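Structure at a glance
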Amino acid sequence: MRNSKFFVLSLAVAFATEAYSQDFCNTATHSGESTVVTSNDINDIGNYSYELWADIGNNSATFYTDGSFSCEFNNVNDYLCREGIRYGMNSGLKYTDLGHLYADFKLTDPSFKSYSNVTYSYIGVYGWSQDPLIEWYIVDTWSPYRPNWIGKSTANCDECGLRGTITVDGATYEVYVDKVQRGSIEGDNTPFTQYFSVRKSKRSCGTIDITAHFDGWKSLGLELGNSMYEAKVLGEAGQYPENGNASGTLDFAYAKVYTSDANTTSLSKFAPKAKPISNVQVFDLQGKNLGNVNANGDIKSAIKNKFHNMGVYMVK
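Criteria and thresholds
- Residues numbered from 1 in each chain as written.
- Predicted model: local features only at pLDDT ≥ 70, side-chain atom pairs only at ≥ 80, totals over all residues.
- Heavy atoms only, no water.
- Helix = DSSP H or I, 4+ residues; strand = E, 2+ residues; numbered from the N terminus.
- Contact = heavy atoms within 4.5 Å.
- Polar contact = N/O pair within 3.5 Å; in protein donor to acceptor, adjacent residues only side chain to side chain.
- Disulfide = S-S within 2.5 Å.
- Buried < 20%, exposed > 50% of the residue type's maximum accessible area, 1.4 Å probe, protein only.
- Pairing = 2+ DSSP bridges.
- Axes fitted to C-alpha atoms, helices over the stretch in contact; angles between N-to-C directions.
- Phe/Tyr/Trp six-rings, centres within 6.5 Å; stacked < 30°, edge-to-face > 60°.
- Lys NZ or Arg CZ within 6 Å of the ring centre and 35° of its normal.
- Salt bridge = Lys/Arg side-chain N within 4 Å of Asp/Glu carboxyl O.

So, about the environment of Ser116. Tracing the backbone shows Ser116 in the loop between strand 8 (100-107) and strand 9 (120-130). Ser116 sits 123 residues away from Gln239 along the chain, and the two C-alpha atoms are 9.9 Å apart. Those residues in contact with Ser116 that sit more than four places away from it in its chain are Asn245, Ala246 and Ser247. Polar contacts involving the side chain of Ser116 include one to the side chain of Asn117, which spans 3.4 Å.

Below, the structure is given as structure tokens:
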């Protein structure tokens, strides 16, 4: 029995429910393999996709297989650094096909001490959809000013500006719309619409319910395109008027975009998912056998749904 018990514990894996779901805010550090990018690039690392883009300057980014990343920009007008899920051009996937999307993130320096000549910066989740072409932002923190001006000065656009508020993750977000014509994922000088969810109060670490934002926009009459291109944790910084001398660093010690309950099996190539597991034995931390569960890709949810208690469990 002693050997058997040791064997069980040596294979055990701990899973935390919501009570521990944001422990990464206190403990997270970069892990896994990494790649350093020093010019504009779109590529994959591990199960994630990344992109570095800047209009000018001497820039770099380090992307990790665990989804985290760090960014450095020097003498730019606009700089975007992001990692998450890329569905691809003309994917044909609506957001309702993706399952329920979430993002976890931790910004290491929420005071932006490294910034120089930066007049705007957006931290949160970002992406594009096509048909029609829409660039979308969920902004949880910013520097130096809260972006509450979006779309308000756009000429001949009655639908631009503040469109309303939504409540997501227990916080109030203002929703803004703008229409612009500039470079996009479809080429140079393209017309497209922008959606922004801007949190009323700053948050530099936590879980963002991405799908709840999409649903909230829809309730305000703001539909995303019929082909989702990406959903990534984002660090963006720049300056306006453009003088080409914005500089600084951003570090995301934790960043993950993930999905559950997807409606199509084709999504398996975009987002990492656990293999289906049957007849999993569940134990409490004292080694008491609580019973068995079957997990079709999400063992944490399976445990939660059966035992209905917050805490840490071991499995075999």
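Glancing now at the state of the cysteines. Scanning all chains against the criterion turns up 3 disulfides. One disulfide bridge connects Cys25 with Cys205, the sulfur atoms lying 2.0 Å from each other. Across the S-S bond of Cys25 and Cys205 the torsion is about -100 degrees, and the bridge reads as left-handed. With a gap of 180 residues between them, Cys25 in helix 2 (residues 24-27) and Cys205 in strand 14 (residues 205-209) connect regions that are remote in the sequence. Here Cys205 falls in the buried class, since its relative accessible area comes to 14%. Here Cys157 connects covalently by a disulfide to Cys160, the sulfurs 1.9 Å from one another.

Next up on the list: the sheet that holds strand 6 (residues 69-76). With respect to topology, 6 strands assemble into an open sheet ordered 2-5-6-17-8-14, the strand pairing being antiparallel. Where the open sheet ends on each side, the last strands, each with one partner, are strand 2 (34-37) and strand 14. Adjacent strand axes in the sheet meet at a mean angle of 20 degrees when their direction is disregarded. Strand direction decides the pairing type here: strand 5 (residues 60-64) and strand 6, joined by 4 bridges, are antiparallel. Bridge pairing in strand 6 places Ala61 opposite Cys71.

Bringing the environment of Ser197 into the picture now. Tracing the backbone shows Ser197 in strand 13 (residues 187-199). Residue contacts for Ser197: discarding those within four places in its chain leaves Tyr137, Ile138, Val139, Ile166, Tyr173, Glu174, Val175, His213 and Trp217. Engagement of the side chain of Ser197 in a polar contact is seen with the side chain of Trp217, the distance being 2.6 Å.

As enumerated under the stated definition, the model contains 19 aromatic pairs in all. If you follow Arg146 out to its NZ or CZ, it ends over the ring of Trp142, 5.8 Å from the centre. Here Lys256 stacks its cationic end above the ring of Tyr254, 5.3 Å away from the centre of that ring.

All chains considered together, the criterion is met by 10 salt bridges. For Arg82, the salt bridge goes to Glu51, with nearest N and O atoms at 2.7 Å. Taken together, the residues span a long stretch of sequence, with Arg82 in strand 7 (residues 78-86) and Glu51 in strand 4 (residues 48-54) at a distance of 31 residues. Take Arg82 and Glu51: they sit in the same class, and that class is buried. The partner of Asp169 in a salt bridge is Arg203, and the shortest N-O contact between them spans 3.9 Å.

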